[in-house]
Amino acid sequence: MIPLETAPYDWILALTSIAFVFSAFGNGANDVANSYATSVAARTLKMWHVGILAIITEFVGAVALGSRVTDTIKSGIIAPDRFMGKPGTFMLAMGCAEVGSAFWLMFATRRGWPVSTTQTVVGALVGVGFASQAEITWEWKSGSVSQIAASWGIAPAIACAFSALIFGLLKYTVLERKDSFKWAMRLIPLYLSFTGAILALFIVVEAPTAPSLEEFGAGKAVGIILGVLAGCLVVSYAFFMPYFHRRLVKEDARLRFYHLPLGPWLLKDNCPLYFPGSGEHFVINYYEDAYGETRAGQKDAEKKADAGKTTNTDIEQRATTSANSTPEIQPKKPIIGPHERFLQPVEDLSWFNPLKYWGWTKFILLQGVTRDVITHDSDLLRAIHARAHRYDDRVEHLWTYCQVVSAIMMSIAHGSNDVANAVGPWAGSYATYLSGSVNTESETPIWFLVIAGVLLGAGFWFYGYHIIRSLGNKITQMSPTRGFATELGAAITVLLASRLGLPVSTTQCLTGAATGVALMNYDLGAVNWRQLGYIFCGWVLTLPSAGLVAGLICLMALNTPHF
């Protein structure tokens, strides 16, 4: 039985629910893409691979690890005292905050701005606080507006430093050594194990249902790191190393990732392969765009040729050694997008023909994961990519596995932590509607998290390509090793910042980390500063824009003349 105090406001709950759908969808489209952008840009994963992974990882993170208690007044930004005794007004305020958040996330995603969903909902709540004359927390304290504004510069800078250190270590221990592939085969088990250990600690500490690091204890944390490290080393030598030897040393193009369970058996020449792959190349060119062009390394080759240190023959031989399975391909291959693939074959058919509807159905369902997000037809980006160093494709392939694991873990962490950004206002409005009084801390039903988890994955599937394009090769030339350093640097930054109580954004950490990796080319021209400025503008506009929309709607609703 719905209490009399809130029964007349079912329409507010209905509108809030609609806004929640768009807010969660926009959250998935904008924030989920952060976790996988470098994997797609580096050609480690394809968009449809990521689409499937995102749906699974976001759902698992939201439902299995998502917090069961949602603080509807996010981080104490506005005081709930203003709404006590007025449950209808509180429901209206939460609904307006959800609308403001949904509007900005959808708008920013369309513009290709990777923004913080946490800061978006905080901005919306600040706007609601102004409209309702509620007290807003401005002073420097945990979760305050001033700390969030400061994080625009702090978080990217820290992530930039960490990712630069990680990539620098990888660069001088493997990538730029005389026989880089030999050193890569020696050290890849250590890098795989270190990545697994760091990310295991990340999940244990960051899961909302887990105790704090202080409660957990430093001894247990160290035990987890060493235990996972040892376990990963065993798995690496038992399964990964035979797989790598068979694929990269013996150059077996039939091998696929699902052959990893064969382990030591792969070292035998007569080892039968179930479902062998097809194709001539045992490794792809990770620097090639959809046109078939490779820009990375061109500037280095030109400098050495001009200095008389390298002849054209040497350059050609190095390219062959780097990836003899990926010879130079004639440029300007046609790019087939979703329109050409699904709509053009049926455009002349009658609407009475079922194939017409089948073509449109495939276009609607698959257009978000069949777009080219790697290639950018821009002279500026061609020049930027040409200044990036190019490394052995065999070495790059080894780090694709580290990169995929780090991307999956970051996505799970995002689903568990950021699901409250979309669910919070909706859960507060729903709990208030059922109880008949203002409910600022509500027990979140599991079906809320299930719906949110599905919407997060769907948002990426249909709309996330905008952010993938902005955070990938549009900042610098990406590759698996660079993507690995970017994601791991961002993960470490989020972990440390959360322990120190500093509010940081996953989006901003990943952007700063990508910049740090780009700077390790030791060439400022290898960084797209224009794109970084464009992204920073989106960060600065997030709080005032979301707050303006939510505040204006709330102000008009609270002061609307009525009978």
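The rules behind each value
- Residues numbered from 1 in each chain as written.
- Predicted model: local features only at pLDDT ≥ 70, side-chain atom pairs only at ≥ 80, totals over all residues.
- Heavy atoms only, no water.
- 1 Å grid on protein atoms, 1.4 Å probe; cavity = no way out; pocket = protein on both sides within 12 Å on 5 of 7 lines; lining within 4 Å.
- Points joined across faces, edges and corners; volume = space filled by probe spheres on them.
- Helix = DSSP H or I, 4+ residues; strand = E, 2+ residues; numbered from the N terminus.
- Nonpolar A, V, L, I, M, F, W, Y, C, P; charged D, E, K, R; others polar.
- Core = buried A, V, L, I, M, F, W, Y, C linked by side-chain atoms within 4.5 Å.
- Buried < 20%, exposed > 50% of the residue type's maximum accessible area, 1.4 Å probe, protein only.
- Domains from an automatic or database assignment.
- Contact = heavy atoms within 4.5 Å.
- Phe/Tyr/Trp six-rings, centres within 6.5 Å; stacked < 30°, edge-to-face > 60°.
- Lys NZ or Arg CZ within 6 Å of the ring centre and 35° of its normal.
- Axes fitted to C-alpha atoms, helices over the stretch in contact; angles between N-to-C directions.
- Parallel < 35°, antiparallel > 145°, perpendicular 65-115°, else oblique.
- Left-handed = near helix turned anticlockwise from the far one by under 90°.
- pLDDT = per-residue confidence, 0-100.
- Polar contact = N/O pair within 3.5 Å; in protein donor to acceptor, adjacent residues only side chain to side chain.
- Patch = residues over 30% accessible without salt bridge, like charges linked within 9 Å, V, L, I, M, F, W, Y side chains within 5 Å.
- Areas by Shrake-Rupley, 256 points an atom, 1.4 Å probe, with all protein chains shown as cover.
- Salt bridge = Lys/Arg side-chain N within 4 Å of Asp/Glu carboxyl O.
- Disulfide = S-S within 2.5 Å.
- Bend = angle between axes of the 7 residues up to and from the residue.

Glancing now at empty space enclosed by the protein. One pass over the structure, following the stated rule, counts 3 cavities of 30 Å³ or more. The space that makes up the largest cavity amounts to roughly 180 Å³. Surrounding the largest cavity, 18 residues form its lining, D289, R295, I374, H376 and H385 being those nearest its centre. Broken down by element, the lining of the largest cavity gets its largest block of residues, 3 residues, from helix α13 (residues 379-386). Residues belonging to the lining of the largest cavity are distributed by class as follows: 6 nonpolar, 5 polar and 7 charged.

What follows deals with the nonpolar core. If you look at the biggest cluster of nonpolar residues, it comprises 43 residues, and the most contacted ones within it are V174, I188, Y191, F244, L398, W399 and F484. For this core, the secondary structure elements donating two or more residues are α5 (145-175), α6 (180-206), α8 (218-249), α14 (393-398), α15 (400-435) and α18 (480-499). When residues in this core are grouped by element, the largest group, 8 residues, is from α6. Both domain 1 (9-163 + 384-490 + 500-558) and domain 2 (176-276) contribute no fewer than three residues apiece to this core. Ignoring any residue separated from it by four or fewer positions in sequence, one finds F484 in contact with I166, L170, Y191, T195, W399, C402 and Q403. Residues A24, M91, V126 and W426 belong to the second largest nonpolar core, which totals 42 residues.

A word on the packing of aromatic side chains. How two aromatic rings sit relative to each other is given by the distance of their centres and the angle of their planes. Applying the stated criterion across every chain yields a total of 28 aromatic pairs. Geometrically, the ring pair formed by F107 and W113 is edge-to-face, given 6.1 Å between the ring centres and 70° between the ring planes. Residue F107 is classed as partly exposed on the basis of its relative accessible area of 37%. Looking at W113, the relative accessible area reads 9%, which means it is buried. Three or more aromatic residues joined by ring pairs form one cluster here, namely F20, W426, Y430, W447 and F448. The ring of W113 carries R111 above its face, with NZ or CZ at 5.9 Å from the centroid. The positively charged end of R394 is found above the aromatic ring belonging to F181, 4.4 Å away from the centroid.

It is worth spelling out the packing of helix α1 (residues 10-41) against helix α3 (residues 87-111) at this point. At their nearest, the axes of α1 and α3 sit 8 Å apart, and the two run at 30° to each other. Between α1 and α3, the angle is such that the two are roughly parallel. Two packed elements cross with a definite hand, and for α1 against α3 that hand is left-handed. The residues of α3 that touch α1, namely those facing I12, L13, T16, A19, F20, F22, S23, F25, G26, N27, A29 and N30, are G88, M91, L92, G95, E98, V99, S101, A102, L105, M106, A108 and T109.

Looking at the secondary structure, you find F363 in helix α12 (residues 354-366). Of the residues examined, F363 reaches a relative accessible area of 12% and is grouped as buried. Considered as a pair, F363 and L343 are 20 residues apart in the sequence and their alpha carbons are 7.0 Å apart. What F363 contacts, discounting residues up to four positions off in sequence, is P338, H339, F342 and L343.

This part is about the confidence of the model for the chain. On average, residues of the chain carry a pLDDT of 83, and 84% of them reach 70 or more. Across residues 311-331, confidence stays below pLDDT 50; counting only partners more than four residues off in sequence or on other chains, it has 29 contacts.

Right, let's talk about the side chain of D252 for a bit. Mapped onto the elements of the fold, D252 is located in the loop between α8 and α9 (298-306). Residue D252 is classed as buried on the basis of its relative accessible area, which comes to 9%. From its side chain, D252 meets the backbone nitrogen of R254 in a polar contact 3.0 Å long. Not counting residues up to four positions away in its chain, the partners in contact with D252 are R246, R247, L273 and F282.

Here we take up a nonpolar patch on the surface. A cluster of nonpolar residues, Y9, W11, L15, I18, V21 and F22, forms a patch on the protein surface that exposes about 580 Å² of accessible area. Topologically, F22 is positioned in helix α1.

This next bit is on the state of the cysteines. Enumeration over the complete set of coordinates arrives at 0 disulfides. C232 supplies the cysteine sulfur nearest to C402, a cysteine that is in no disulfide, at a spacing of 9.7 Å.

Because an α-helix completes one turn every 3.6 residues, residues spaced three or four positions apart along the sequence face the same direction. Its axis deflected by about 40° at S236, α8 carries its strongest bend there. Where α8 is concerned, the buried positions are A221, S236, F240, M241, P242, Y243, F244, R246, R247 and L248. The first or second residue beyond α8 is E251, which carries a positive phi of 60°.

Moving on to the pattern of salt bridges. The tally for this structure, following the rule as stated, stands at 10 salt bridges. The closest approach of N and O atoms between K250 and D269, which form a salt bridge, is 2.8 Å. Placement of K250 in the loop between α8 and α9 and of D269 in the loop between α8 and α9 is noted, with a sequence separation of 19 residues between them. The class for K250 is partly exposed, based on a relative accessible area of 35%. The exposure class assigned to D269 is exposed, which follows from its relative accessible area of 64%. Residue E293 is joined to R295 by a salt bridge in which the shortest nitrogen-to-oxygen separation is 3.0 Å. When its relative accessible area of 22% is taken as the criterion, R295 is described as partly exposed. Through salt bridges that share partners, R246, D252 and R254 make up one connected network.

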